[in-house]
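# Survey of secondary and tertiary structure
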Amino acid sequence: MSSETGQSTSRKIANVMQETRVFPPSQEFTTQAVIASESQYQHLYKSAKSDRDGFWSDLAKSELHWFKPFESVFNREGHVVSWFGGGQTNLAYNCLDRHIENGLGERTAIIWEGEPGEQRRLTYAELHREVCKFANGLKSLGVRTGDVVSIYMPMTPELAIAMLACVRIGAIHSVIFAGFSAEAIADRNNDARAKIQLTSDGLWRRGKNLPLKATVDEALKKSPTVEHCVVLRRVGNEVPMQAGRDVWWHDLVEQASADCPATPLDSEATSFILYTSGSTGKPKGIRHTTAGYNLWVKQTFAWVFDYKPDDLFWCTADCGWITGHSYIVYGPLSNAATVLMYEGAPNFPAEDRFWDIIERHRVTILYTAPTAIRAFIKWGDHHVEKHDLSSLRLLGTVGEGINPEAWMWYHRKIGGERCPIVDTWWQTETGGIMMSPLPGITPTKPGSCTRPLPGIVPLIVDEELHAVDVDQGGMLCIAEPWPGMLRGIWGDDERFVEQYWTKVPGNYLTGDNARQDADGYYWIMGRIDDVINVSGHRLSTIEIESALVSHPSVAEAAAVGRPDDLKGQAISVFVTVKSADPPTELKDELKAHVRKEIGALAVPDDIRFTNALPKTRSGKIMRRLLRDIAAGKEEIAQDTSTLEDYSILAKLRGDEE
Ligand code: 7RM
């Protein structure tokens, strides 16, 4: 990084980060890659752009099973889009039956490790059998096509089985991360009008067992639409079972037949809804479809993760998040891949659990989040150095921008400088990965998600909706439709149109800011609402944070704006340091460091040390909460249902400078 501050006006977002390191893939990686040449990418990209319908029609025919062929490829009427209209397919069929028919029934689908250390392995044939039995069990409880099934379960194979069983019979799943409160479950159940609840007697987390069923019992008191609750025995807790309502999973499947043909479903049938927190107000149920979503996750998995039959793919996300839906379950299984699924915490029994898992199972592809990487850095390199990570050949990140110094650590310590890193940018709404390096061909730059996948046409505009120049930040939109795009917000068409389709007419508004550099690479600059406006210069949070994280004492940083009479906004930063007690001089040192790395404009006005930052369940820093704290607000009048640890808020409020 240099101290270039760029030309900024009040309308554009200043680009202050200059990352010049470039890492091309090794010849060895390129030679074996699925996409092995720049011309192959260019050809795919151009075909998808110039003949969108032909491109997706060919892929849909070759990659999915069709009970009934589609009649049209893409249609749009107002805000209602349809892909592969007139056709019928089934997500579970494409994930299971298709492979068994192709002779792959004995291939391992899921290798599972529980937090206490048990292991299970399910072949495609076994997974198929379990899914069919559970689907029949759901039917016996009255579940029909179009009904909503609410899932609040630990990361066990049964969670994936439940999801696949739903889509097999056209029931719509709504997975709720098994850490949400009873209140949050009830809100989501009521919004979705869920008919069935799935849960377990408890789950393992850092050696303790947490009572999921008790939380669900609370939630069901306020979920009048839920008729039955199916309970998986996981930890052996005593749980009260309500007669007529509750049924044990094992009892349900015991009598169920293993014969359950997949229901042919319309391409546009809703496959699932997934609640994601809006910036204010109530969470929204993002709605995805059957055929378009299936094709998008299958294809993006194949392109981005360069998957080969002898790979072992491990995505460390939870299935309660879109990353788990798309890259633990539907993307990999559509490709007949073998996935590793881990139930518990990364620091149980010790901070080396991930590296231990990789060594023992010989994981070849690791997909994790920047928040985890920053925690690993903080915990210390010795946990990594104890283990043989030579099985790894490819690394990925998702969820937030990755600070270049964290990227370098991942590259050196985990990737042994030999593994390409795919920094994948996408959203719950996009269904699957939108921008990412292709590991065999794209030279990577730390902190950049590089280029769009075939079919994706990004557009960056300023407040006047004009396309911005090279290296100018602006609002990131997607100009063309793609098969995996969200089809709506459950029960709220108005909010759907208003939020995504109104501000930049004709384009999908992502809500993120981004810039494109002179090489055509994209850099995500954070959420539009998070921009800090200092004396008319609009600064993105990630750049200030990356400068702080590049200081050796800093583990994590969050930058927010707070009202300032003179400058419009002042910069407040919240910093976690690697050592226990930060010396007071460190504040001045950090200010000087930012001045050197970025320039005087970005120097924080106040710095607070904290031992944790408020985060969502998926690990994203919640800057909007920090904004309120920095502004000195007592009441947090926002949706905090996704916040991982409420106690952090209280601590931060008391921790004034
Ligand atoms: C997959 C997921 C979406 C938001 C998105 C961004 C941020 C995600 C990256 C990223 C920079 C990335 N879905 N985001 N990936 N920012 N670089 N590689 O995260 O719906 O939970 O969040 O996450 O702000 O809009 S999500």
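See the structure above.
Cut-offs applied
Residues numbered from 1 in each chain as written. Predicted model: local features only at pLDDT ≥ 70, side-chain atom pairs only at ≥ 80, totals over all residues. Heavy atoms only, no water. Buried < 20%, exposed > 50% of the residue type's maximum accessible area, 1.4 Å probe, protein only. Helix = DSSP H or I, 4+ residues; strand = E, 2+ residues; numbered from the N terminus. Pairing = 2+ DSSP bridges. Right-handed = clockwise from strand over helix to strand, strands pointing away. Salt bridge = Lys/Arg side-chain N within 4 Å of Asp/Glu carboxyl O. Near = heavy atom within 4 Å. Polar contact = N/O pair within 3.5 Å; in protein donor to acceptor, adjacent residues only side chain to side chain. Areas by Shrake-Rupley, 256 points an atom, 1.4 Å probe, with all protein chains shown as cover. Nonpolar A, V, L, I, M, F, W, Y, C, P; charged D, E, K, R; others polar. Phe/Tyr/Trp six-rings, centres within 6.5 Å; stacked < 30°, edge-to-face > 60°. Lys NZ or Arg CZ within 6 Å of the ring centre and 35° of its normal. Axes fitted to C-alpha atoms, helices over the stretch in contact; angles between N-to-C directions.

## A look at the pairing of strand 6 (residues 148-151)
Along strand 6, one buried face is formed by Val148 and Ser150 and the opposite face, lined by Val149 and Ile151, is buried too. Where strand 6 lies against strand 7 (residues 172-175), 4 bridges are found, and the strand directions are parallel. In the sheet register, valine 149 faces strand 7, and the bridge partner there is histidine 173. With helix 6 (residues 157-168) bridging strand 6 and its parallel neighbour strand 7, the resulting β-α-β unit is right-handed. In this structure, strand 6 lies alongside strand 8 (residues 196-200), joined through 3 bridges in parallel fashion. Looking at the pairing, isoleucine 151 lines up with leucine 198 of strand 8.

## Some words on the pattern of salt bridges
It is possible for side chains of opposite charge to pair when their charged atoms get near one another. Under the counting rule described, the total for this entry stands at 44 salt bridges. Of the charged contacts in the structure, one is a salt bridge between glutamate 38 and arginine 451, with a shortest N-O distance of 3.0 Å. Remark: arginine 451 occurs in the loop between strand 20 (421-423) and strand 21 (458-461) and glutamate 38 occurs in helix 2 (residues 38-50); sequence separation between them is 413 residues. Residue glutamate 38 is classed as partly exposed on the basis of its relative accessible area of 33%. Three or more residues are tied together by salt bridges with common partners; here these are Glu113, Arg353, Asp356 and Arg360.

## Quick notes on the site of the ligand
Near the ligand, the surroundings consist of 17 residues, among which Asp423, Thr424, Thr428, Asp512 and Lys620 are the closest. Side-chain polar atom of lysine 620 to an oxygen atom of the ligand: 2.8 Å apart, as the coordinates give it. Here the ligand, which alone exposes 530 Å², has 91% of that area covered by the protein. Every element with two or more residues in the shell around the ligand is listed here: helix 11 (322-334) and strand 25 (522-527). A per-class count over the shell around the ligand returns 6 nonpolar, 6 polar and 5 charged.

## Regarding the packing of aromatic side chains
Under the criterion given, the structure shown has 36 aromatic pairs. When the centroid spacing of 5.6 Å and the interplanar angle of 40° are considered together, the rings of phenylalanine 301 and tyrosine 307 count as tilted. Each member of the pair, phenylalanine 301 together with tyrosine 307, is buried. Pairwise contacts between aromatic rings join Phe301, Phe305, Tyr307, Phe313, Tyr327, Tyr367 and Trp426 into one cluster. One Lys or Arg, arginine 120, reaches over the ring of tryptophan 112 and ends 5.8 Å from the middle of that ring. Across the ring face of tyrosine 521, the terminal group of lysine 445 is positioned such that the distance to the ring centre comes to 4.6 Å.

## As for the sheet that holds strand 18 (residues 365-368)
As summarised here, the arrangement of the 7 strands in space is 5-4-17-16-18-19-20, forming an open sheet in which the pairing is mixed. Lying at the two open borders of the sheet, with one neighbouring strand each, are strand 5 (119-123) and strand 20. For this sheet, the mean inter-axis angle between neighbouring strands, taken without regard to orientation, is 20°. Judged from the 2 bridges that link them, strand 16 (residues 313-315) and strand 17 (residues 339-342) form a sheet pairing that is parallel. For phenylalanine 313, the partnering residue across the bridge sits in strand 17 and is valine 339.

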